[in-house]
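Tertiary structure, described
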Amino acid sequence: MRTQAGLRATVGALAAIFWKGIKHYTRYPGNFLLYLALPFLFTFMIFGMGQFVGGGNAASNFAARTGTSNILVYEILGSAVWMTSWVVVEDVGVALRDEQMKGTLEQNFLAPINRFTLLVGLSLCDIVITTGIFFIVAGVTIAITFPSGFLGLFGAFLALLIGLVPLFGIGFLFAGFVVKFKEPYVFTQIINLVFATLTGTYYPVTFLPYWVQLLSGILPQTYVIQNMRLIVLENQTLVSLYGSFFILLVLALAYPILGYAIFKQIEKRASVTGEFSKY
Amino acid sequence: MNPVEVQSLSKTFVTKEGPLFRKVPKTLVAVDSINFSVPKGEIFGLLGPNGAGKTTTIKMLCTLITPSSGDALIGGFSVVKNQQKVRENLGVMLTGERTLYWKLTGRENLEYFAALYHLDPSYAKKRTDELLILVGLKEREDMLVENYSTGMRIRLSFVKALLNEAPVILFDEPTASLDPQSSRLIRDIIRDLKHKGHAIILTTHNMEEADELSDRVAIIDHGRIVKLASPSQLKEKVKSSDIIEIEGRRISEQMTIALEGFSEVSKVVVSADDPSEEKCSLRIHAQKGKEVLPKILEFLVRKQATITKVTFIEPTLEDVFIAETGRSLRD
């Protein structure tokens, strides 16, 4: 038998998990279409509510409070990041739960790969899916409504990539909860709605009470959304935003370590109680 | 050292039972200090009814469940301390057809798992070809598994366990739900693996299969190994008594209890063939069967039972199990 060892073996396993995920996305296309539609639907809903509450002054109030009159791009950037965050936080845990219910999770755990490789493989697939969603949703909107900001999309993309790393840490944490409690949507849907409220998805976080802003400050989406808007709508450079990028990098280090440590603890406990094969 | 060494392996589950907020912890001993070893080139059968501890044992051996105490060495590596190494030395087929990705093709499934077992990609393709041919799925390799029949899925699941050519292979009910032809194919492959020197652990409900394939059999009940020997040795032990099979109608539980009270009868096991027509069969273990038979028949007829067939049968592993535990393997 010819086997691979070390880094080649890990890369081979990661690639297999990645392609398996991509094949599943393409063979179950409904989710992808949902993730594409939701940012637009939420944006239009917020837009309608703003018109209803603000009346004739809605647009001027918005401009005064956000510093931009481009409501659509402002809101769609928030929506696109929220949807990306939703996919990342939900998908790793849901994928594990899905495999647990189908019986394939045990098959993966029987193989001589470590759990981190498995989680990262699932995450890699989500990176491609989410960045695809981001480019389609934000790219199309900016190209049509704000072409001069299109170049900023690439800076925004970099902000998103850095922001994805801590989000995967949060995803690992929820994957652990899913193994333990087996109700993925209860956790992820509540937390995703909390994220939308706290991270400035549809309004600046400065409108939140001070103690809530402290919570916003430890969430990576807050910085990703803020940086994207500054880059696309106000032509800020990546260098000028180094402070918030530094915080994002710290979060990118802290969340995966914390998330994986908690996942490992729950997984260790699950192998004692036999949770992997329970529905 | 043997490829499989199981040393005082135990597993206790603690569950909480009762109404909400008044749940009481309950301890269940699933596996109770079992010991066995499997040398190279041996098929070791694990027999027992549902809930006897077979699957828990298998799952401890393949590192899915952590033992409460004791240890097992697979290829010399501890299932407690060297789990990664244990997995490298193991091929596992767990029961059920839902161990595959239904939205992937047969080939994609095998190549996916080959990558998880770190097989070199070009070798993985070659190995996948070999295995698909082995179980007659080469023609259907590009079909999604969701379109496979149950038998095809089980055959694919079976060869998945052979991908990494591990020295130790665990098969949990490998022929469940298979037609006779496919079952024969799987049994031939298992025999071939044995001749190639693999140590094989097999769990099955199929007594004939266990008898035919296993070099040694462990009968497990309530988490303990109650007998461990070759099938012929085990059957020899129950040959000291005769086994009478009686088929009939309207044989009540009270009658079987009364039959167990006969001094010559050691065990009576009932199986309902067709409850709607009150058809059932009795398997009676008795000393001097031919002498006691008229007495048994006279008793049943007097109690209004209808006898349709009486047979003296050769003991099977099922009878060994009944003799040891007092109940049927299918209970």
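Predicted model, so just to flag it, every value in this text is computed and none were measured.

Attention now moves to the overall build of chain B. If you tally the helices and strands in chain B, you get 11 helices and 14 strands. The C-alpha extent of chain B, read off along each of the three principal axes, is 75 × 45 × 45 Å. By the burial criterion, 47% of the 331 residues in chain B qualify as buried. Partitioning the contacts of chain B with sequence separation of at least 6, the portion at a separation of at least 24 is 69%.

Turning to the nonpolar core, a few remarks are in order. One finds L77 of chain A together with I200 of chain B to be the most contacted residues of the largest nonpolar core, which totals 168 residues. Per element, the largest residue contribution to this core is 16 residues, and it comes from helix α4 (residues 71-102) of chain A. If you count residues domain by domain, this core takes at least three from each of domain 1 (4-235) and domain 2 (240-314) of chain B.

What follows concerns the interface of chain A and chain B. Put simply, an interface is often sized by how much accessible area is lost when its parts join up. Contact with chain A, which involves 29 residues of that partner, is made by 29 residues of chain B. For the side of chain A that touches chain B, the elements supplying multiple residues, two or more each, are α1 (6-27), α5 (104-110) and α11 (242-273) of chain A. Partitioning the side of chain A that touches chain B into residue classes produces 12 nonpolar, 11 polar and six charged.

This part covers the sheet that holds strand β6 (residues 90-93) of chain B. All names here are of chain B. One open sheet holds the six strands; their spatial order is β6-β7-β8-β3-β9-β10, and the pairing between them is mixed. What marks the edges here is a single partner per strand, and that holds for β6 and β10 (224-229). In this sheet, adjacent strand axes meet at a mean angle of 15° when their direction is disregarded. As paired strands, strand β7 (residues 168-172) and strand β8 (residues 199-203) are joined by five bridges and run parallel to one another. Opposite F171, over in β8, you have L202 as the bridge partner.

The next subject is the packing of α4 of chain A against helix α7 (residues 152-181) of chain A. All names here are of chain A. Closest axis-to-axis distance for the α4/α7 pair is 8 Å, and the angle between their directions is 35°. In this structure, the crossing between α4 and α7 has a hand that is right-handed. Residues V81, T84, S85, V88, V89, V92, G93, L96 and R97 of α4 touch α7, and the partners they reach there are L160, L164, L167, F168, I170, G171, F172, F174, A175, F177, V178 and V179. Here the contact of α4 with α7 is composed, by residue class, of 16 nonpolar, four polar and one charged.

Considered domain by domain, chain B is made up of domain 1 (4-235) and domain 2 (240-314). The distance between the C-alpha centroids of domain 1 of chain B and domain 2 of chain B comes to 37 Å.

Residue and element names in this part refer to chain A. Looking at the secondary structure, you find F134 in helix α6 (residues 115-145). Considered as a pair, F134 and S79 are 55 residues apart in the sequence and their alpha carbons are 9.4 Å apart. The contact partners of F134, leaving out residues within four places of it in the chain, are A80, T84 and L160.

What counts and what doesn't
- One numbering rule holds for all chains: residues counted from 1, following each sequence as written.
- Here the convention is simple: chains get letters from A, ligands get numbers from 1, in the order in which they are written.
- The model is predicted, so local features are restricted to residues of pLDDT at least 70 and side-chain atom pairs to those at 80 or more, both for listing and for counting; the totals for chains, interfaces and linings are taken over all residues.
- Counting from the N terminus, the helices are the DSSP runs of H or I reaching at least four residues and the strands are the DSSP runs of E reaching at least two.
- To sort residues by burial, count the other C-beta atoms lying within 10 Å of each one's C-beta; a count of 20 or more means buried, 12 or fewer means exposed, and anything in between means partly exposed. C-beta atoms are built from the backbone.
- Once C-beta atoms are placed from the backbone, any two residues with those atoms within 7 Å are in contact.
- Residues of type Ala, Val, Leu, Ile, Met, Phe, Trp, Tyr and Cys that are buried and joined through C-beta atoms within 7 Å form what is called a nonpolar core.
- Domain delimitation follows an automatic or database domain assignment.
- All residues other than Ala, Val, Leu, Ile, Met, Phe, Trp, Tyr, Cys, Pro, Asp, Glu, Lys and Arg, Gly among them, are scored as polar; the first ten of these are nonpolar and the last four charged.
- Pairs of strands are assigned from DSSP output, requiring at least two bridges between the strands.
- Lines fitted to C-alpha atoms define the axes here, with helix axes fitted over just the stretch in contact, and angles between the N-to-C directions of these axes take values from 0 to 180 degrees.
- Definitions for this section: a left-handed crossing has its near helix turned counterclockwise from the far helix by less than a right angle. A right-handed crossing has that turn clockwise.

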